[in-house]
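What the coordinates show
One letter stands for each residue in the lines below.
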Amino acid sequence: MRLTEPTKALQMGNLSIMHLIEVLELDAGSGIPLEPVGSAFTPQGSEQGDEASFDGSLDDSLDGSDYDDLFSDDEQDLRDLSDTDPEDDESVPDGVPPEVTIPQAQLETILGQMAVIVPCKNEDTTIIEGVLSGIPRGCLIVLVSNSESRAYKKEVMMLRRFCRQARPALAIHQGDAAAAAAFNMYGLDDLVTHVGGTPKRIRNGKGEGMMLGIALVAALCPQRRYVAFVDADIMVPGAVNEYCRAFAAGFALNPNPGTETMVRLRWASKPKVRNGEIDYTCEGRSSQVVNRWLNRLLTAMADADPTGKLAAARDSEIIVTGNAGEHAMTMDLALNLRLANGYAIEPFHFVELLDQLGHHNQNPHADGLGYNTGRVPNLQPVTIMQIRTRNPHFHRVTDDSHVRSMWASGLGSIYHHLPAPLSTPAPPPPFSSKSFARGEKLRGDILDYLADNNDENEDAKGELVHEPPKPRIYPPVSNLDLDRFRERVRSEHKTLICLNLQHFKLPRPNTITPPYQYGVTPPL
Ligand code: GDD
Ligand code: MG
């Protein structure tokens, strides 16, 4: 895969946010320039060609000399033809961004260590199968379903069929009582709902499903170093394939050795059909709102910082992946990060990382600072890679109220969890009460925005909502005793399916033996 090189970053404390890089070529081979094979074809009109071919016969309106630039060795001539003005982009002094190729073999190595979690709730089985078909062979498939039980059975049948050629996969249902009991007993009880005092199931929500997926991979396949998330309603399998390769490229391209990596994707376009025409709009409706407010949060942090070290964050507009449903992380990061419920999970990544790592008050004993409940141990410095992919993103169409609740959840992540010291009434020096005032101003502005979008700001009963919803914040998955979780789920599960995992067998006979070995089963 060939991409623009990650050269610019915003450094905020121990958090590095890279400027958006772009996929340029989906398959760039080994990265070694290919030698021409056989006798090179020389097009007419090239330096060895026949000048006479440009006699105007192709197009009466063009003189042969109009094509001269095409054969120029001088890059400046070609830049003059370009639509983009180099002066528009300060990061590219000569108009041609530096590029980098990740050889196919390197991508495959990373993909072979990746688990791809597919959260799914009542999606069309054929669409889910399409998503699976796009996940590269080396990746472990993990389907975490919250579908109705009949639909889950169909999903499992489809998964078994899909994996019949030795493809390793896991599936589990979010309502599995054994998983809920294990979460309840061994460290993640906040995720569990109870009926009559008995743990019943893991809460509804995409975020909750993703956490179950992380726990499952960490407990059952601990060698997987990377975990990625891909929605089950994506209609273009080729896009899924690109996303997974882009994740791998993002891991390979992290320029900061020793930091954990988070890769977040921004789609080339998110087309909508309007009046029978496809409108290739670039940014989703929720992303527009959430990105804007996350960037305002960065500005507020810069304004509140008396040291001036965060000045570059002011008006940077660097965050373009606030809602990235398609994202990936090093497993250590996924295990040590607090995560939010439902659709708040992606915007909250930014809010949490900014709070934990993104300012210069890195006092590990500053527990209880701000609205957040304290420092998260073991969180290493993090680099966020933002990548623009090339495929258009087609998924199940959602209605306006769904989009509204999604951006409201994003604003809720910011409003209720402003990073310290924006949320600390008496912050320790060198911060002052002015820092807190900046935070309050931002919260006030969010309320004004909600009020200005009155018609988009009603709850189910049609009553005006004054504040965005407060997300539920869960402790890191590392709180869970993974050994006990694994044993409990192994012995008592009702819905866990393990396919082609040679090292992990369930007592119940739901592991299929492939009729013959196909390809190479990757190490797990
Ligand atoms: N396991 C599980 N549990 N999966 C769920 C649940 C749940 O309770 N609720 C939804 N899902 C699955 C859906 O089936 C789908 O595969 C995926 O989560 C995303 O849900 P959608 O309903 O399709 O969300 P969206 O398309 O509006 O939003 C997506 O894109 C946003 C960015 O534009 C999501 O990925 C958002 O998280 C993301 O911010
Ligand atoms: Mg969707």
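Before going into details, it helps to say that this report is about the structure given with it. Because the structure is a prediction, the values reported are computed rather than measured. Residue numbers here run from 1 along each chain, matching the order of that chain's written sequence. Each chain gets a letter, beginning with A, and each ligand a number, beginning with 1, in the order they are written. Totals for whole chains, interfaces and linings use all residues, but because this is a predicted model, local features are given only for residues with pLDDT of at least 70 and pairs of side-chain atoms are given and counted only at 80 or more. Heavy atoms throughout the structure, all of them, feed into the side-chain values; hydrogens and water do not.

**Section: the packing of helix α3 (residues 125-134) against helix α4 (residues 149-162)**
Where α3 meets α4, the closest approach of the two axes is 10 Å, and the angle between their N-to-C directions is 35°. Where α3 crosses over α4, the handedness of that crossing is right-handed. Where α3 approaches α4, its residues T125, I128, E129, L132 and S133 are matched on the opposing element by K154, E155, M158, L159, R161 and F162. Geometry is summarised by axes, namely lines fitted to C-alpha atoms with helices restricted to the contacting stretch, and by angles between N-to-C directions that run from 0 to 180 degrees. For helices the rule is a DSSP run of H or I covering at least 4 residues; for strands it is a run of E covering at least 2, with both sets numbered from the N terminus onward. Whether a crossing is left-handed or right-handed is set by the direction in which the near helix is turned from the far one by less than a right angle, anticlockwise for left-handed and clockwise for right-handed. Working rule for contacts: check all heavy atoms of both residues, and any pair within 4.5 Å makes them a contact.

**Describing the packing of aromatic side chains**
In this scheme Phe, Tyr and Trp rings, the latter by its six-membered ring, pair at centre separations within 6.5 Å, and the angle between planes marks the pair as stacked below 30 degrees, edge-to-face above 60, and tilted otherwise. The tally for this structure, following the rule as stated, stands at four aromatic pairs. Between F183 and F485, the ring centres sit 5.5 Å apart and the planes meet at 45°, which makes this aromatic pair tilted. With F183 in helix α5 (residues 177-186) and F485 in helix α13 (residues 482-492), this pair connects stretches of sequence that are 302 residues apart. Comparing F183 with F485, the two get one shared label, buried. Partly exposed residues are those whose accessible area sits between 20% and 50% of the maximum for their type, while under 20% is buried and over 50% is exposed, using a 1.4 Å probe and protein chains only.

**Let's talk about the pattern of salt bridges**
In what follows, salt bridge is the name for a side-chain nitrogen of Lys or Arg lying within 4 Å of a carboxyl oxygen of Asp or Glu. Considering all chains together, one arrives at 19 salt bridges under this definition. Among the salt bridges present, the one from D231 reaches K206, with a minimum N-O distance of 3.7 Å. Of the two residues, D231 sits in the loop between β11 (226-229) and α7 (237-253) while K206 sits in helix α6 (residues 206-220), which places them 25 residues apart along the sequence. This pair shows no difference in class: D231 is buried, exactly as K206 is. We note a salt bridge from R296 to D445, for which the minimum N-O separation is 2.6 Å. Placement of R296 in helix α8 (residues 285-304) and of D445 in helix α12 (residues 433-452) is noted, with a sequence separation of 149 residues between them. Using a relative accessible area of 36% as the deciding quantity, one classes R296 as partly exposed.

**Re a nonpolar patch on the surface**
Two joining distances apply to patches: 9 Å for like charges and 5 Å for nonpolar side chains (Val, Leu, Ile, Met, Phe, Trp, Tyr), and every residue must have over 30% relative accessible area and no salt bridge. Residue burial considers only the protein chains on display, and all accessible areas are found by Shrake-Rupley using a 1.4 Å probe. There is a patch of nonpolar side chains on the surface, built from V273, I278 and Y280 and spanning about 320 Å² of accessible area. Tracing the backbone shows V273 in strand β13 (residues 272-274). You can call V273 exposed: its relative accessible area is 63%.

**Overview of the site of ligand 1**
Being near a molecule or strand, for a residue, comes down to having at least one heavy atom within 4 Å of it. Near ligand 1, the surroundings consist of 24 residues, among which K121, E123, D231, N323 and H402 are the closest. In the analysis that follows, any N or O atom pair within 3.5 Å is treated as a polar contact, provided that within protein one partner can donate a hydrogen and the other can accept it, and provided that, for residues neighboring in sequence, both atoms belong to side chains. Here D233 contributes a side-chain N or O atom positioned 2.9 Å from an oxygen atom of ligand 1. About the coverage of ligand 1: the protein hides 96% of its 740 Å² of free accessible area. Contributions of two or more residues to the shell around ligand 1 are made by β6 (114-120) and α11 (400-416). In the shell around ligand 1, the residues fall into seven nonpolar, nine polar and eight charged. Three residue categories are used. Nonpolar comprises Ala, Val, Leu, Ile, Met, Phe, Trp, Tyr, Cys and Pro, charged comprises Asp, Glu, Lys and Arg, and polar comprises the others, including Gly.

**Let's talk about the coordination of the magnesium ion (ligand 2)**
The donor set comprises N, O and S atoms within 2.8 Å of the metal, extended to 3.2 Å for Na, K and Ca; water molecules are omitted, so apparent gaps in a site may simply reflect that omission. Within the protein, D233 (OD) and H395 (ND1) serve as the donor atoms for the magnesium ion (ligand 2), at 2.1 to 2.3 Å. Highlighted residues: D233 in the loop between β11 and α7 and H395 in the loop between β17 (382-388) and α11, separated in sequence by 162 residues.

Coordinates in, geometry out; function isn't part of it.
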